[in-house]
Structure formats: structure tokens, C-alpha cells
Amino acid sequence: MNTSGDKQNECNQVSITSEQKQVSAELSYKTLEEFLKFIEKRAFHMARLSTSHTEDAHDIIQDAMYKLVEKYSDKTPTDWKPLFYRILHSKITDYYRRKSVRDKVFPWKKADDQESEDYLAAQLNQGISLSSGEPANMLLRGQHAQQLTNAIQQLPLRQQQAFMLRCWEGLSTKETATAMGCTQGSVKTHYSRAMTRLRDILGEYYEQ
Amino acid sequence: MSNKIDQEIYQDDLEYIEQNTHSRDLFRLAQARRVAMSQTNRRPNISNWLAATACCCGLTFLVMAPLNDQSTPAVEPIVAGVQLIESSDGEAISEFDSMGFYYWLDIYDAELVANND
């Protein structure tokens, strides 16, 4: 009985912290430049995880930023985030369309596409981790992050999007639906499937 | 593990990924942001456009008005001449353009002279 009560408390605390994060995130930018600065790193990693290619991720982010400023700079700051992610995910979808056409026309180029460099591993090997803490903890966190990265890359694109927008960016179901251009029901389905799949892949690894 | 607890663990790891962004990527992101923001400086002001349009209209009017005044007298004598010819003979102006008419006129004049003689 106590355990279920504790779990309930933990869940409440988690939801409160996520709400606090959301409020603080909303307050942390007022101009478009501040917004882009606030969002750029996360958006870049989302694009990188979706495309598995750093250079393409940079191109996509630049296009998305450019389009947001060009078309939606007159919108209110609360609208920027869903709009930006909508543009970003349209660009990622376009990238996959172009890639599939390119793979059909130039099949021999397919093998060169995968990025051989391991993003986090390179950072860890150089010992440039920005997070403070003991080396053992840092190493463990790095390994977990790497596992999570690999697991996310195994998800279908829509599940990746739903997971990253809901879990990482902390968007509500409604905002995620706006960003993904689908219904709230679809978002819930994609997110639930993503969580189940990630739990299947990472469950044992995280329990160790 | 519940969904919420999983979510919190994943969030921690995702934040770790975010914190460990390479400096070269940070530099390129800053560049991309600067390029995107440079559009706001280049955006033309509507009042400037209105002023430019008004100036263009004014200039066009100033250039075209004297041309119209000069061209009017040049056209009028031709028109007046045509009207005079038309009114004197009572025939259509198109008949004067036809070579057949002049040919017929010559024959008519020749016959008239022959009859008078």
C-alpha cells in the first residue's frame, strides 16, 4: 500500500517538476533571437537523431530557423515553439523523401550515408564532458545516453517525433499534435508505442 | 517502472546529450541563428514602399504631361486635312487610298475632255 502511495507521490513530483520546467521555459525567452538560442541545441540533437547525420541536421536547423523568422516573426512567443517544431519536422520528412529518391537513383551512394563517428563517444574519449560529477558517474551517464540515442534511432520517424517532443521538449499533447500535424489521439498512440519500444530495448540495460 | 519514471530517466539522459554538444556545432548553430535573424534587418518598411511608389507616380506624371501637350498639335492638322477632303468631295477617305480610284479618275477625266471636244 505504502509503495503504491510512494509511487503516486513520485509521479506527482515528476509532473510538478515538468510543469515548473515548462513555465520557466516559457519565461526564458521574449525575443525571437532568445527563443532560437534557447531551442537550438535541443532541436539540433533531434534533427541529428532523426537523420543520423550531423551535416544534414545543421542544414535542416538552418532552414527551419530561417523559415520561422521569415514567416512567423510576427506571432506571439507562445506560438513559436509548436511552429518551429512543425517546420523542423516538415524539413525532416522532406529530407527522408529526397533521400529515398536519391537512394533509388544512386544506389551505390547508400553505404556512404551512415555517420561513422559516434557523437557522444568522441566527446567522452576527449574528456570534454561539460557536466560536473565524478568520472565514473559521468561515464555511466554517457553510456546510458549513448544507449538511449541508439534506441531512439531504432524507432519509426513518427514515434521518434512524438517521443522527443513530449519527453524531451515537454510539449503538451495538443502542442505536439500541432507540431506533428496530426490528431491528439495519434500523438498519444505514437508516444505510447515509443515508450513501450524503448522500455523493451533499454529495460534491462537501465536496471543494471 | 511506470511511464513517468521512465520519462524522467530518459529526460536526464537527453539533457546530458544536450549539454555535451560539440563546440563546433554550437558555433555553427550560432551562425545559423545569425543568418536567420539578419532577415529582420533586411525587411523593407511599408512606409518606405509607399513613399517610393508616390515618387515614381509623380515623376511619371511630370514626364508624360509635356509630351502630351506637344503631340496634340502634330496630330490635329492631319485630322483636319482629312476632314476637309472628306467634306469637299463627300466621299469616304478609304477611296483615296485605292489606286483603282485614281486609275478610274484618269479615264473619267480623259472621257470628259473628249466629250467636251
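Keep in mind it's a predicted model, so treat the numbers as computed, not measured.

Colleague: Sorry if this is basic, but what is going on with the overall build of chain B here?
Modeller: Within chain B, the secondary structure is distributed over five helices and zero strands. Seen in sequence order, chain B has helices and strands lined up from the N terminus as α-α-α-α-α. Residue burial in chain B is summarised as follows: out of 117 residues, 19% are buried. By element, 63% of the accessible surface of chain B is carried by carbon and sulfur atoms, the whole surface being about 8,500 Å².

Colleague: Help me out: how do you make sense of the nonpolar core in this one?
Modeller: Generally speaking, nonpolar side chains in soluble globular proteins are found buried as a group. Residue and element names in this part refer to chain A. Counting 54 residues, the largest nonpolar core has Phe35, Phe84, Tyr85, Leu88, Phe163 and Leu198 as the members making the most contacts within it. Ranked by residues supplied to this core, first place goes to helix H2 (residues 32-51) with nine residues. The residues touching Phe35, leaving out its near neighbours within four places in the chain, are Tyr29, Leu68, Trp80, Lys81 and Phe84.

Colleague: Just checking my understanding: could you explain the packing of H2(A) against helix H3 (residues 54-72) of chain A for this structure?
Modeller: Two measures define how a pair of helices packs: the angle their axes make with one another and the distance between the axes. All names here are of chain A. Contact geometry of H2 with H3 gives a least axis separation of 9 Å together with a crossing angle of 145 degrees. Both H2 and H3 take part in a crossing whose hand is right-handed. Between H2 and H3, the residues in contact are Leu32, Phe35, Leu36, Glu40, Ala43, Phe44, Ala47, Arg48 and Thr51 and Thr54, Asp56, Ala57, His58, Ile60, Ile61, Met65, Leu68 and Val69, respectively. Each residue belonging to the contact of H2 with H3 can be placed in one class, and the counts come to twelve nonpolar, three polar and three charged.

Colleague: I would appreciate a short explanation of helix H1 (residues 3-19) of chain B in the present structure.
Modeller: Every α-helical turn comprises 3.6 residues, leaving residues that sit three or four positions apart pointing alike. In this model, H1(B) (17 residues) spans 24 Å end to end at C-alpha, consistent with the 24 Å of a helix rising 1.5 Å per residue. Every buried residue of H1(B) is accounted for by B:Ile5, B:Asp6, B:Gln7, B:Tyr10, B:Gln11, B:Asp13, B:Leu14, B:Tyr16, B:Ile17 and B:Glu18.

Colleague: What am I meant to see in the pattern of salt bridges here?
Modeller: All names here are of chain A. Enumeration over the complete set of coordinates arrives at seven salt bridges over all chains. Glu169 is the partner of Arg42 in a salt bridge, and the nearest nitrogen-oxygen pair spans 3.2 Å. Here the residue Arg42 occupies a position in helix H2, and Glu169 occupies one in the loop between helix H7 (157-168) and helix H8 (173-180), the gap between them amounting to 127 residues. In this structure Arg42 comes out as buried when scored by relative accessible area, which is 15%. Accessibility expressed as a relative area gives 4% for Glu169, which makes it buried. The salt bridge involving Asp103 is made with Lys99; its shortest N-O contact spans 3.9 Å. Linking Asp103 with Lys99, this pair stays in helix H4 (residues 77-105), spanning four residues, or about one helical turn. For the pair Asp103 and Lys99, a shared accessibility class is recorded, and that class is buried.

Colleague: Explain the packing of aromatic side chains to me, please; I cannot follow it from the model alone.
Modeller: Each aromatic ring pair is summarised here by two numbers: the centre-to-centre distance and the angle between the ring planes. Residue and element names in this part refer to chain A. Going through the model one piece at a time under the given rule, you end up with six aromatic pairs over all chains. Ring geometry for Phe35 versus Trp80: centroids 5.8 Å apart, planes at 45 degrees, classification tilted. Separated by 45 residues along the polypeptide, Phe35 in helix H2 and Trp80 in helix H4 bring together distant segments of the chain. When the centroid spacing of 5.7 Å and the interplanar angle of 75 degrees are considered together, the rings of Phe84 and Tyr85 count as edge-to-face. We note that Phe84, like Tyr85, is buried. Here a set of aromatic residues connected by ring pairs shows up, and it is made of Phe35, Trp80, Phe84 and Tyr85. Above the plane of the ring of Tyr191 lies Arg166, whose end atom (NZ or CZ) is 5.2 Å from the centre.

Conventions adopted
- Residues numbered from 1 in each chain as written.
- Chains lettered and ligands numbered in written order.
- Predicted model: local features only at pLDDT ≥ 70, side-chain atom pairs only at ≥ 80, totals over all residues.
- Heavy atoms only, no water.
- Helix = DSSP H or I, 4+ residues; strand = E, 2+ residues; numbered from the N terminus.
- Buried < 20%, exposed > 50% of the residue type's maximum accessible area, 1.4 Å probe, protein only.
- Areas by Shrake-Rupley, 256 points an atom, 1.4 Å probe, with all protein chains shown as cover.
- Core = buried A, V, L, I, M, F, W, Y, C linked by side-chain atoms within 4.5 Å.
- Contact = heavy atoms within 4.5 Å.
- Axes fitted to C-alpha atoms, helices over the stretch in contact; angles between N-to-C directions.
- Left-handed = near helix turned anticlockwise from the far one by under 90°.
- Nonpolar A, V, L, I, M, F, W, Y, C, P; charged D, E, K, R; others polar.
- Expected span 1.5 Å × (residues − 1).
- Salt bridge = Lys/Arg side-chain N within 4 Å of Asp/Glu carboxyl O.
- Phe/Tyr/Trp six-rings, centres within 6.5 Å; stacked < 30°, edge-to-face > 60°.
- Lys NZ or Arg CZ within 6 Å of the ring centre and 35° of its normal.

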